[in-house]
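Fold and contact review
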Amino acid sequence: PYTAILYPIKNALEVTEGKLPPEDVGVRAIDPHTLEITFHIQVPYVAQLLTHFTTFAIPKHVVEKYGDAWIEPGKVVTNGPYVLHEWVPNDHVLLVKNPYFYDRDSVKVERVFYYPTPDYGQALKRFRAGELDTTNGIPSQQIDWLKVEMPASLRVTPFILTQYVQFNITRKPFDDVRVRTALSLGIDREIIAARVMRAGEKPAYAFVPPNMPGYEGKPRVDFASITMGARIARARALLKQAGYGPQNPLTFDYNYQNQTDARLIAVALQAMWKDVGAEVRLMPSESQVHYNLLRKQEFSAAWAGWVADYRDAKNYLMLWESTTNDLNFGRYSNPKYDALMAQSDAQRDPEVRGTMLQAAEQMVLDDAAFAPVYFGVSRNLVSTEVRGWIANPVNINRSRFISLDRNQTGV
């Protein structure tokens, strides 16, 4: 699904579409220690792009030998500080220290267990019981309690995250911009941020998060400055224009992950949309199933989110290009948008490029391809025994740099 992130590389799109053979991708090994990558557009974020997992090399001979099983313990080849020792789906992943890692002496933790836990309340119980050293999800209902009772462990940090409602433009009635705009108008973002999420999230009236380097962030939905009452009235009027009303209410399914906060938000959205005349059926599913539905366009409206892969506005705005098939879940397509994004890719002047990207964002906001809801914060619980944890806007703390102040191995 992330192939589109690599499209700046020469011929990557054409190879993905089967128009050129794989050997025509603009990547080659000049010698055993030198890799050359040729880009066909300006890539000011190249250093960050090369840390994304889509750029990690996979030994071809291993994939050819094992097929789909190349990712299994004992078969997958890695060169990082840890190797995969055990993977039990929906239970845990166990990594062990890599004895061949070039800087192995600096790696302090011998074993790392990861436990997928969609129930944030259960994760909190396990953390309090000492079964987990860190968690990256906290139930919103417990935020105030944690601030008082566990302030040393609570880590809430600004996060480059946008949460939004994705509309499927290939399905009626979401092919109608009036319907999409009405539903966006009906969302009380202040209530969701302050009363549902409660950890410092900010209402979102744009898509690109604030404080993006080289980006002024001026685009906004056109109703950002009007009252909630005026928004509801405008939403009802738009739905009436689109043919909906008390005798013919707008009815649709809303898909979301069966996860603590997503459930709370779904209930809130259902009530808010009822106020503008829409009857919504809530459709929860496990996270992987949920995103599979989005990729296949088997939804009408759905909860979605995007966290920066690299700190550049392009990483957000590429989602709405018609070429990003697997990431453009709603199949938004606007030739003018695509053309403007292409022009920005060829622009060498950072200021001019930023202006073009802002114009593109305003265009997709005006088209209501989605409804932005809030800009996120990272919510972590970190044991006081953990050393080396550093708050950062992408919420990545690598196990390689973490240590523990207790006399046992394991996280």
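Refer to the structure above for everything that follows.
Throughout what follows, the structure given in this document is the object of discussion.

Thresholds, definitions, all that
- Residues numbered from 1 in each chain as written.
- Predicted model: local features only at pLDDT ≥ 70, side-chain atom pairs only at ≥ 80, totals over all residues.
- Heavy atoms only, no water.
- Core = buried A, V, L, I, M, F, W, Y, C linked by side-chain atoms within 4.5 Å.
- Buried < 20%, exposed > 50% of the residue type's maximum accessible area, 1.4 Å probe, protein only.
- Helix = DSSP H or I, 4+ residues; strand = E, 2+ residues; numbered from the N terminus.
- Phe/Tyr/Trp six-rings, centres within 6.5 Å; stacked < 30°, edge-to-face > 60°.
- Lys NZ or Arg CZ within 6 Å of the ring centre and 35° of its normal.
- Salt bridge = Lys/Arg side-chain N within 4 Å of Asp/Glu carboxyl O.
- Expected span 1.5 Å × (residues − 1).
- Contact = heavy atoms within 4.5 Å.
- Polar contact = N/O pair within 3.5 Å; in protein donor to acceptor, adjacent residues only side chain to side chain.
- Pairing = 2+ DSSP bridges.
- Arc of directions from axis to C-beta.

**Concerning the nonpolar core**
Formed by 86 residues in total, the largest nonpolar core has its most connected members in Val165, Phe252, Tyr254, Trp273, Trp303 and Trp320. With 7 residues, the top contributor of residues to this core is helix α9 (residues 260–275). Counting residues in hydrophobic clusters, the runner-up holds 13 residues, among them Tyr82, Leu84, Val109 and Val382.

**Side note on the packing of aromatic side chains**
Counted under the stated rule, the structure contains 21 aromatic pairs. Taken together, the aromatic side chains of Phe167, Phe174, Phe252, Tyr254, Tyr256 and Trp273 make up a single cluster linked through ring pairs. Here the basic side chain of Arg126 rests over the ring of Tyr115, its NZ or CZ set 4.5 Å away from the ring centre.

**Overview of the pattern of salt bridges**
All told, the structure shown has 20 salt bridges when counted by the stated rule. Note that Glu131 and Arg126 form a salt bridge whose closest N and O atoms lie 2.9 Å from each other. The exposure class assigned to Glu131 is partly exposed, which follows from its relative accessible area of 46%. Of the charged contacts in the structure, one is a salt bridge between Asp222 and Arg234, with a shortest N-O distance of 3.1 Å. Taken as a pair, Asp222 in the loop between β8 (202–203) and α8 (228–241) and Arg234 in helix α8 lie far apart in primary sequence, 12 residues in all. The exposure class assigned to Asp222 is exposed, which follows from its relative accessible area of 52%. Several salt bridges converge on common partners, so that one network encompasses Asp133, Glu385 and Arg406.

**Describing helix α13 (residues 350–366)**
Residues three or four positions apart in an α-helix share a direction because the helix packs 3.6 residues into each turn. Here α13 spans 24 Å end to end across 17 residues, near enough to the 24 Å set by a 1.5 Å rise per residue. Regarding α13, the residues found buried are Arg353, Gly354, Met356, Leu357, Gln358, Ala360, Glu361, Val364 and Leu365. Along its buried surface, α13 packs onto α11 (314–317), α12 (335–345) and β12 (370–382). Capping of α13 at its N-terminal end is provided by Asp349; its side-chain oxygen lies 2.9 Å from the backbone amide nitrogen of Glu351. Ala368, located one to two residues past α13, shows a positive phi value of around 50°.

**Some remarks on unusual backbone geometry**
Geometrically, the link from Lys172 to Pro173 is a cis peptide bond, its omega value of 0° lying close to zero. Mapped onto the secondary structure, Pro173 falls in the loop between β7 (154–167) and α6 (177–185). Residue Asn11 is not a glycine yet carries a positive backbone phi of 70°. Even without a glycine there, the phi angle at Ala368 is positive, about 50°. Assignment of secondary structure puts Ala368 in the loop between α13 and β12. Overall, the relative accessible area of 5% leaves Ala368 in the buried class.

**Here we look at the pairing of strand β3 (residues 82–88)**
On a regular strand, each side chain points to the face opposite its neighbour's, so the side chains alternate between the two faces of the sheet. Strand direction decides the pairing type here: β3 and strand β4 (residues 92–97), joined by 6 bridges, are antiparallel. In the strand pairing of β4, Leu84 is matched with Leu95. Linkage of β3 to β4, two consecutive antiparallel strands, is achieved through a turn of 3 residues, within which Asn90 is found at a positive phi near 65°.

**A look at the side chain of His92**
The topology assignment puts His92 in strand β4. At 2.7 Å, the side chain of His92 and the side chain of Glu86 are in polar contact. Looking at His92, its side chain comes within polar contact range of the side chain of Asp91, at 2.5 Å. With residues up to four places along the chain from it excluded, the contact list for His92 reads Glu86, Trp87, Phe113, Tyr114, Tyr115 and Pro116.

**What to know about helix α10 (residues 287–295)**
Those residues of α10 that fall on the buried side of the exposure criterion are His290, Leu293 and Leu294. Taken end-on, α10 shows its buried residues confined to a sector of 100°, consistent with a single buried face. Elements that come into contact with the buried residues of α10 comprise β9 (250–257), β10 (278–285) and β11 (301–307). With a side-chain oxygen lying 3.0 Å from the backbone nitrogen of Gln288, the N-terminal cap of α10 falls on Glu286. Within two residues after α10, Gln297 carries a phi angle of roughly 60°, on the positive side.

**Observations regarding the pairing of β7**
Taking burial as the measure, the 14 residues of β7 include 11 buried ones, the bulk of the element. When β7 meets β12, the two strands line up antiparallel, connected through 10 bridges. Across the sheet, Thr157 pairs through a bridge with Ser378, a residue of β12. Taken together, the 7 bridges between β7 and β11 define a ladder with antiparallel strand orientation. Within β11, the position partnered with Val165 by the bridge is Trp303.

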